Amino acid sequence: MPYEWSPTSPAATGLKLWPHRSLPPGGFVLFFAVTCSLIALPLLAVIGSPVLWGLLPFLVAAIAGTWWALRRNDSDRDIVERMVIDANRVTLERTGPRGQHKTWEANPHWVRVEVHAQGGPVPHYITLKGGPRDVELGAFLAEEERLALAGELRETLARARAPAR
């Protein structure tokens, strides 16, 4: 799953979430090499003729557009959500594409995990309520992953609320 729990200290638990990466760097190189080869293949028939110079700008534009679109998609997936839960505070930090940074804090005794089966941007949309504003969590996860995360998050918050022994 594209999230992991880890202890950040003896009294705190950390959660890190990130989106799926369907095209790893090696896959990008392979895809781009095959795409360039297939686009260049028709040029073999027109090498040495003036038609080559008429087709070349369009083929170069197609290759450049493909490169730009794949790089932009990759940068749009640079999302990391980090949450730290302890007995006194829940902190959520979200680093988004192109360096956007947002922080949310609340008391764990007031935080509620809500799963919206319908009405959100995705099915089983998770929000945290209890701080100065409601925040979303893991909207980029698959539906099954959001449901599993909601249950685990409720359990972790219940442990944080429990009195220390």
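Residues numbered from 1 in each chain as written. Predicted model: local features only at pLDDT ≥ 70, side-chain atom pairs only at ≥ 80, totals over all residues. Heavy atoms only, no water.

Description of the overall build of the protein chain
Along the protein chain, the regular secondary structure elements total three helices and eight strands. Its C-alpha radius of gyration of 23 Å places the protein chain more than 25% over the 15 Å reference for a compact globule of 165 residues. Counting only C-alpha atoms, the protein chain reaches 85 × 35 × 25 Å along its principal axes. Taking all 165 residues of the protein chain together, the buried fraction comes to 28%. (Helix = DSSP H or I, 4+ residues; strand = E, 2+ residues; numbered from the N terminus. Rg over C-alpha atoms; globule rule 2.2 N^0.38 Å. Buried < 20%, exposed > 50% of the residue type's maximum accessible area, 1.4 Å probe, protein only.)

Some points on the side chain of Lys129
Tracing the backbone through its elements, the reader meets Lys129 in strand E7 (residues 125-129). Owing to a relative accessible area of 18%, Lys129 belongs among the buried residues under this scheme. For Lys129, the side chain forms a polar contact with the side chain of Asp134, separated by 2.6 Å. Not counting the four nearest positions on each side in its chain, Lys129 is found in contact with Trp110, Val111, Arg112, Glu114 and Asp134. (Polar contact = N/O pair within 3.5 Å; in protein donor to acceptor, adjacent residues only side chain to side chain. Contact = heavy atoms within 4.5 Å.)

Overview of the pairing of strand E3 (residues 80-85)
Burial along E3 is one-sided: Glu81, Met83 and Ile85 are buried, and none of Val80, Arg82 and Val84, which face the opposite way, are. Relative to E3, strand E2 (residues 12-17) runs antiparallel, the two sharing five bridges. Considered in E3, the bridge of Lys16 is made with Arg82. Bridge analysis of E3 against strand E4 (residues 90-95) gives six bridges, and the strand direction is antiparallel. Its bridge partner lying in E4, Val80 is registered against Thr95. The hairpin formed by E3 and E4 contains four residues between the paired strands. (Pairing = 2+ DSSP bridges.)

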